[in-house]
Amino acid sequence: MGEMRYLKAVNQALKDAMRDDSTVFLIGEDIGAAGGSFKATRDLLDIYGPERVYDAPIAEAAITGIAVGAALTNMRPVAEIMFMDFITLSMDMLVNQAAKARSMFGGQGSVPMVLRTPHGGGLNAGPQHSQCLEAWLAHVPGLKVVCPSNPAEAYSLLRAAIDDPDPVIVVENKALYAMKGEVPETPERVEIGKARIARPGEDATVVAYGAAVGLAEAAADVMAAEGVEVEVIDLRSIQPWDEACVLESLSRTHNLVVVHEAVEAFGVGAEIAARMVDIGFDELDGPIIRVGAPFAPSPFGKTLEEAYRPNADRIVTALRRTLA
Amino acid sequence: MAMKLKERADLYRMMLLIRRSEERLQKLFADGMIPGFLHLSIGQEAVPAGVSSALTEDDTVSSNHRGHGHTLAKGVDLNGFFAEILGKATGLCKGRGGSMHVADLAKGMLGANGIVAAGLPITTGSALAHKMQAKGNIAVVYFGDGALAEGVLHECLNIAKLWSLPILFVCENNGWSEFSPTERQLATSLDKLGKAFGITYKEVDGNIVDEVAGAAGKLITGMRKAASPAILECRTTRVRGHFEGDRQDYRDSDELAGLDARDPIRLAGETLREAGLTDEALAEIAADVEAQIEAATEAAVAAPLPEAGDILADVYTRAEV
Ligand SMILES: Cc1ncc(C[n+]2csc(CCOP(=O)(O)OP(=O)(O)O)c2C)c(N)n1
Ligand SMILES: [Mg+2]
């Protein structure tokens, strides 16, 4: 499909999924006539009409619950929550309903819904429009959570999410929306739960997802100049996450750093570190180090936000520490 | 709209099936055969019996914590129902849901629910699906007066009206939410909410099954023709405690003493006799219902418990993730 921006890849995935399956429909705030707050759904109302693209009132619990109920009634809804911070209002429908319906009803049915939502800072959007809350969702049995790192991944993972029979949260990073990248003519159908080696290396492994993948690659460049080859794993999917891929990499590099933009404490990195200590202890030559946001709300001001968000320097520091 | 005697007898039969099933559950609970919480709908049977008489298998319903009646009236298998509430492997949900989560998706029963008002958005979504599929199917959500204070109710009334969704909001107003009377919970009333949102509202005596069936039938026929929401508020009576084990010290004795005169089954039996149904016919219905419940109970009691090793089954649809 050529080079396109991340945002366009999301838009293209929605468009193609709606073309391929008439049960796919969109629901969210300002997604129709306005094309979405970030324009991810641009033109889709014109192409598919108001019967497939629902401009919803500001009612996140209802939007999410409507997706659950429609999914239980043979549809494939794709809901948009404008900022991930607003997912607090969707939580009952995600945690108590979507996640549990299949198991709680003894496997009678599935809930093939997708919820797209942007996370992350960099726009000085402040404490209620910048959070990365994906670990909350990854903690809930029954939900799947993916977080694409570039345009090709954004296309493939969204298509995979829409195809998936279970509820999938697709977390997009706002700061990546403008990122350009090649999307293959016929993108491969990816499997949710499989990671990708973004850059091979044999001296240390950095596991990342979303925007942190780019930071890890930048850190790997710095280390390469010093003769240290860093392997970067793009997790792609946070729940389920590719334990086998991380363990295999660790067993070659023997050093591990995990990076995410989300708050470090009780996060995805904590889970990965704990699992690797459990099943990969003998492979470790140094401490597993997490790089994430400090334990504070995401701040507004430029200097504060810059200091708050993980960057390549901090990953380099972490790599030096684990390799020391 | 006069119903035939046969149809009215069927409503009576459904109410009796719900009543006798719950009385049996009450006994099984007292005997320690039912784990967890049990919320009985004794006194409220006319609502689901009446509403369901206007539904087909392709219509969808969802329910709340007091959902046995809604479930049975939607036509779910009685054996699977009893087995589920006893937590058995043969239950409708393989013993993973229990009383508060009985569902039968193939029968259009989208689930009881342990979260007050949670059925509202789910059913609104089901109604949206029905509208998109354009087969004339509709969705019904049952909820209590307690749900009127929850935010999602207001979100859903708004969206159902904005988008003309074929959803019937059935409020079972029994005057209580847990241990608190409705007047301490709600500053307005459902008829006023209906007016505010411009949604057709109808109030009925929820203990007179013919009234419920008549009103529901009319509203549902209308929404099948032209998709639109409606509210049916049913004034009804909760006879038992909030859950089994609740001694209801907070209710006054006059209220409790008056419940018998309002018993929907007794009221229906009286009018059916006046309309010409014989005592033998009524006794035959009762015997039939008893036999079904006896068989379902026996099967459920004898059924195996779920295997502890099955904990991970059905968390996701595809086994290998
Ligand atoms: C979100 C939520 N809050 C509180 C409860 C606890 N709770 C269970 S039933 C109930 C009262 C509901 O009253 P109503 O809706 O009138 O139904 P009724 O029990 O009268 O049938 C409450 C507060 C709950 N299950 N879910
Ligand atoms: Mg009540």
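Residues numbered from 1 in each chain as written. Chains lettered and ligands numbered in written order. Predicted model: local features only at pLDDT ≥ 70, side-chain atom pairs only at ≥ 80, totals over all residues. Heavy atoms only, no water.

1. Let's talk about the site of ligand 1
Residues and elements named next belong to chain B.
And then number 1: Around ligand 1, the surrounding shell holds 15 residues, and the nearest of these are H65, R66, G114, G146 and W176.
And then number 2: V116 is positioned with one of its backbone polar atoms (N or O) 3.1 Å from a nitrogen atom of ligand 1.
And then number 3: Tallied by class, residues from the shell around ligand 1 come to 4 nonpolar, 7 polar and 4 charged. (Near = heavy atom within 4 Å. Polar contact = N/O pair within 3.5 Å; in protein donor to acceptor, adjacent residues only side chain to side chain. Nonpolar A, V, L, I, M, F, W, Y, C, P; charged D, E, K, R; others polar.)

2. What about the domain arrangement of chain A?
Residues and elements named next belong to chain A.
And then number 1: Each assigned domain of chain A is listed with its residue range as follows: domain 1 (2-183) and domain 2 (196-323).
And then number 2: Distance between the C-alpha centres of domain 1 and domain 2: 26 Å.
And then number 3: Domain 1 puts 28 residues into the contact, and the matching count from domain 2 is 24 residues.
And then number 4: Regarding the contact of domain 1 and domain 2, the summed buried area is about 1900 Å², with carbon and sulfur atoms giving 53% of it.
And then number 5: Between domain 1 and domain 2 we count 2 salt bridges in total.
And then number 6: We note a salt bridge from E153 to R196, for which the minimum N-O separation is 3.2 Å.
And then number 7: The tally of links between domain 1 and domain 2 comes to 17 residue pairs in polar contact (both at pLDDT 80 or more).
And then number 8: Classifying every residue of the side of domain 1 that touches domain 2 gives 14 nonpolar, 11 polar and 3 charged. (Domains from an automatic or database assignment. Contact = heavy atoms within 4.5 Å. Buried area = accessible area lost by both parts, 1.4 Å probe. Salt bridge = Lys/Arg side-chain N within 4 Å of Asp/Glu carboxyl O.)

3. As for empty space enclosed by the protein
And then number 1: What the rule picks out here adds up to 4 cavities of 30 Å³ or more.
And then number 2: What the largest cavity holds in volume is close to 50 Å³.
And then number 3: The residue inventory of the lining of the largest cavity, partitioned by class, reads 8 nonpolar, 2 polar and no charged. (1 Å grid on protein atoms, 1.4 Å probe; cavity = no way out; pocket = protein on both sides within 12 Å on 5 of 7 lines; lining within 4 Å. Points joined across faces, edges and corners; volume = space filled by probe spheres on them.)

4. Here we look at the confidence of the model for chain B
A low pLDDT score tells you not to read the predicted coordinates there in detail.
And then number 1: Model confidence for chain B is summarised by a mean pLDDT of 97, while 99% of its residues fall at 70 or above.
And then number 2: Scored by ipTM, the complex comes to 0.97, with pTM at 0.98. (pLDDT = per-residue confidence, 0-100.)

5. Re the coordination of the magnesium ion (ligand 2)
Residues and elements named next belong to chain B.
And then number 1: Coordination of the magnesium ion (ligand 2) by the protein comes from D145 (OD), N174 (OD1) and W176 (O), over a distance range of 2.0 to 2.2 Å.
And then number 2: The sequence pattern describing where the donors of the magnesium ion (ligand 2) fall on their chain is D-x28-N-x1-W. Taken together, the positions of D145 in the loop between β2 (139-144) and α6 (151-162) and W176 in strand β4 (residues 176-177) put the pair 31 residues apart, joining distant regions of the chain. Both residues of the pair, D145 and W176, belong to the buried class. (Donors = N, O, S within 2.8 Å, 3.2 Å for Na, K, Ca; no water. Helix = DSSP H or I, 4+ residues; strand = E, 2+ residues; numbered from the N terminus. Buried < 20%, exposed > 50% of the residue type's maximum accessible area, 1.4 Å probe, protein only.)

6. Comments concerning the nonpolar core
And then number 1: Counting residues in each nonpolar core, the largest one holds 152 residues, and the members touching the most others are V51(B), F81(B), L168(B), F169(B) and L232(B).
And then number 2: Looking at which element gives the most residues to this core, the answer is helix α1 (residues 5-30) of chain B, with 9 residues.
And then number 3: For this core, the domains that each give at least three residues are domain 1 (2-183) and domain 2 (196-323) of chain A.
And then number 4: The residues contacting F81(B), other than those within four sequence positions of it, are L25(B), H68(B), T71(B), L72(B), V76(B), L92(B) and V102(B).
And then number 5: If you look at the next biggest cluster of nonpolar residues, it comprises 34 residues, including M4(A), I162(A), V183(A) and A211(A). (Core = buried A, V, L, I, M, F, W, Y, C linked by side-chain atoms within 4.5 Å.)

7. A look at the sheet that holds strand β12 (residues 237-239) of chain A
By definition, the strands of a sheet pair up through backbone hydrogen bonds, in either a parallel or an antiparallel sense.
Residue and element names in this part refer to chain A.
And then number 1: The 7 strands are arranged β3-β2-β4-β5-β7-β6-β12 in an open sheet whose pairing can be described as mixed. Edge strands, defined here as strands with exactly one partner in the open sheet, are β3 (53-55) and β12. For this sheet, the mean angle separating the axes of adjacent strands, direction not counted, is 20°.
And then number 2: Its contacts with the sheet put helix α1 (residues 6-20) on β2 (24-28), β3, β4 (76-80), β5 (114-119) and β7 (168-173), and the angle it makes with β2 is roughly 130°.
And then number 3: Across the face of the sheet, helix α3 (residues 60-71) comes into contact with β2, β4 and β5 while running at roughly 170° to β4. (Pairing = 2+ DSSP bridges. Axes fitted to C-alpha atoms, helices over the stretch in contact; angles between N-to-C directions.)

8. So, the packing of aromatic side chains
Residues and elements named next belong to chain A.
And then number 1: For the structure shown, the criterion picks out 11 aromatic pairs over all chains.
And then number 2: Each ring, one from Y6 and one from Y177, has its centre 5.9 Å from the other, and the planes form 70°; the classification is edge-to-face. Taken as a pair, Y6 in helix α1 and Y177 in the loop between β7 and β8 (180-183) lie far apart in primary sequence, 171 residues in all.
And then number 3: Here Y6 falls in the buried class, since its relative accessible area comes to 0%.
And then number 4: We classify Y177 as buried; its relative accessible area is 7%. (Phe/Tyr/Trp six-rings, centres within 6.5 Å; stacked < 30°, edge-to-face > 60°.)

9. Section: the pattern of salt bridges
And then number 1: Scanning the model with the defined rule gives 44 salt bridges over all chains in all.
And then number 2: Where R76(A) meets D21(A), a salt bridge forms, and the shortest distance between an N and an O atom there is 3.9 Å. One end of the pair, R76(A), is in strand β4; the other, D21(A), is in the loop between α1 and β2, and 55 residues separate them in sequence.
And then number 3: One salt bridge in this structure joins E243(A) and R275(A), with 2.9 Å as the shortest N-O distance. With E243(A) in helix α9 (residues 243-253) and R275(A) in helix α10 (residues 268-280), the pair connects residues that are 32 residues apart, well separated along the chain.
And then number 4: Given a relative accessible area of 27%, E243(A) falls into the partly exposed group.
And then number 5: Judged by relative accessible area, R275(A) falls into the partly exposed class, the value being 27%.
And then number 6: Shared partners join several salt bridges into a network, and the residues in it are R20(B), E23(B), R24(B), E290(B) and E294(B).

10. Considering the packing of α3(A) against helix α4 (residues 91-98) of chain A
Residues and elements named next belong to chain A.
And then number 1: Relative orientation of the contacting elements α3 and α4 amounts to 30°, with a least axis distance of 8 Å. Considering the angle they form, α3 stands roughly parallel to α4. Here α3 contributes A61, T64, G65 and V68 to the contact with α4, which in turn contributes M93, L94, Q97 and A98.
And then number 2: When the residues that make up the contact of α3 with α4 are grouped by side-chain class, the tally is 5 nonpolar, 3 polar and no charged. (Parallel < 35°, antiparallel > 145°, perpendicular 65-115°, else oblique.)

11. Re the interface of chain B and chain A
And then number 1: Counting residues at the interface gives 39 residues for chain B and 44 residues for chain A.
And then number 2: Taken together, chain B and chain A are joined by 2 salt bridges.
And then number 3: In this structure, the salt-bridge partner of R318(B) is D164(A), at a minimum N-O distance of 3.8 Å.
And then number 4: Counting across the interface, chain B meets chain A through 17 residue pairs in polar contact (both at pLDDT 80 or more).
And then number 5: Taken together, the elements giving at least two residues each to the side of chain B that touches chain A come down to α5 (119-133) and α6 of chain B.
And then number 6: Tallying contributions element by element places α5(B) first for the side of chain B that touches chain A, with 10 residues.
And then number 7: A breakdown of the residues in the side of chain B that touches chain A according to their chemical character gives 21 nonpolar, 12 polar and 6 charged.

12. Let's talk about the sheet that holds strand β14 (residues 289-293) of chain A
Residues and elements named next belong to chain A.
And then number 1: The strand order across the open sheet built from 5 strands is β9-β11-β10-β13-β14, with neighbouring strands paired in mixed fashion. Looking at which strands have only one partner, the edges of the open sheet turn out to be β9 (196-199) and β14. For this sheet, the mean inter-axis angle between neighbouring strands, taken without regard to orientation, is 25°.
And then number 2: Here 4 bridges tie strand β10 (residues 204-208) to strand β13 (residues 256-263), and the two strands are oriented parallel to one another. Bridge pairing in β13 links V207 to V258.

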